[in-house]
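# Structure at a glance
Given next are the chains, with one letter for each unit.
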Amino acid sequence: YIVDMDHIGKIIFDTLASGRGLNFPGIGALYVERQAAKFSGQNEIKPPANKVIYSRNENEAFRSVPEIMVSAGKPLAEAEKEYNQLLSDVSRDNGIYEINEVGIIKQNFFYPSAALHDTLNPGDQRTVKLKSGAGKKVWLIAGLIAVCVGIIVGIICAVSNRGEEKPAPAQPRQEVT
């Protein structure tokens with residue numbers, strides 16, 4: 001997927017693809033969040049997925065794009081120049097930040113490129129339809145288990161009370177006159 005990607009785009013792509021977050025000084029932060037599988041309708045389940053989240057606030061736990069570029073071997077002055085060029089290229093578009101081959105930040109959301117989405121979520125991400133009646137079968141089995149447990153508890157109570165002597169009925173009191 002990573003073909004003809006500029007250096008800064010490759011750094012951002014690789015960082016997110018590895019599941020790490022990064023700060024964009026002056027813009028905010030991007031990080032990957034694992035979303036659990038969830039029911040999306042009757043008899044449908046959406047598989048778990050990795051989603052890139054945009055935050056307007058930078059996160060102290062993340063490194064900045066220029067810092068990551070320096071650690072990848074780019075001299076600090078060049079890293080800052082490339083990052084500032086990225087900012088000047090994208091800030092002209094009314095708050096829409098497009099990062100080549102990575103995705104778009106627009107109206108407080110991040111929309112990943114197809115390549116980044118597919119890298120974060122390999123395999124089939126389509127909603128899975130469960131067989132109709134699968135929910136009924138689960139309830140039927142749960143009901144049968146509850147009935148069996150009730151019968152077993154009843155038998156145990158009956159057997160444990162069988163060996164105990166029952167007290168004799170109380171004699172009626174006679175009044176002395």
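### Details of the side chain of Ser64
With respect to the helices, strands and loops of the structure, Ser64 is situated in strand E6 (residues 63-64). Dropping the residues within four chain positions of it, Ser64 is found in contact with Asn23 and Pro25.

### Description of unusual backbone geometry
One non-glycine residue, Gln107, lies in the positive phi region at around 50°. Looking at where Gln107 falls in the secondary structure, it is placed in the loop between strand E8 (103-106) and strand E9 (109-112). When its relative accessible area of 64% is taken as the criterion, Gln107 is described as exposed. The backbone of Asn108 shows a phi angle near 65°, a positive value even though the residue is not glycine. Position of Asn108 relative to the elements: it lies in the loop between E8 and E9.

### Observations regarding the packing of aromatic side chains
Following the criterion strictly, the structure yields 1 aromatic pair and no others. Aromatic side chains Tyr31 and Phe62 sit 6.0 Å apart centroid to centroid with 35° between the ring planes, which places their arrangement in the tilted category. With Tyr31 in strand E2 (residues 28-35) and Phe62 in the loop between strand E5 (49-55) and E6, the pair connects residues that are 31 residues apart, well separated along the chain. Using a relative accessible area of 25% as the deciding quantity, one classes Tyr31 as partly exposed. Judged by its relative accessible area of 19%, Phe62 is buried.

### Let's talk about the side chain of Ser113
In this structure, Ser113 sits in the loop between E9 and helix H4 (114-120). Setting aside anything within four residues of it in sequence, one finds Ser113 in contact with Phe13, Glu101, Val102 and Gly103.

### Remarks on the nonpolar core
Counting 26 residues, the largest nonpolar core has Ile12, Leu16 and Phe24 as its most contacted members. Here this core takes 5 residues from helix H1 (residues 7-17), the largest share from any one element. Sequence-distant contacts of Ile12, that is, excluding residues within four places in its chain, are made with Leu22, Phe24, Val65, Leu86, Ile99 and Val102.

### Concerning the sheet that holds strand E10 (residues 128-129)
Spatially, the 3 strands line up as an open sheet ordered E3-E4-E10, and their pairing is antiparallel. Because the sheet does not close on itself, it has two edges, and the strands there are strand E3 (38-41) and E10. By the bridge criterion, 3 bridges tie E3 to strand E4 (residues 44-46) in an arrangement that is antiparallel. The residue of E4 that forms the bridge with Gly41 is Glu44.

### Concerning the confidence of the model for the protein chain
Residues at a pLDDT of 70 or more form 81% of the protein chain, whose mean pLDDT is 81. At the level of individual helices and strands, the protein chain shows its lowest average pLDDT in E10, which scores 74, and its highest in E5, which scores 95.

Criteria and thresholds
Residues numbered from 1 in each chain as written. Predicted model: local features only at pLDDT ≥ 70, side-chain atom pairs only at ≥ 80, totals over all residues. Heavy atoms only, no water. Helix = DSSP H or I, 4+ residues; strand = E, 2+ residues; numbered from the N terminus. Contact = heavy atoms within 4.5 Å. Buried < 20%, exposed > 50% of the residue type's maximum accessible area, 1.4 Å probe, protein only. Phe/Tyr/Trp six-rings, centres within 6.5 Å; stacked < 30°, edge-to-face > 60°. Core = buried A, V, L, I, M, F, W, Y, C linked by side-chain atoms within 4.5 Å. Pairing = 2+ DSSP bridges. pLDDT = per-residue confidence, 0-100.

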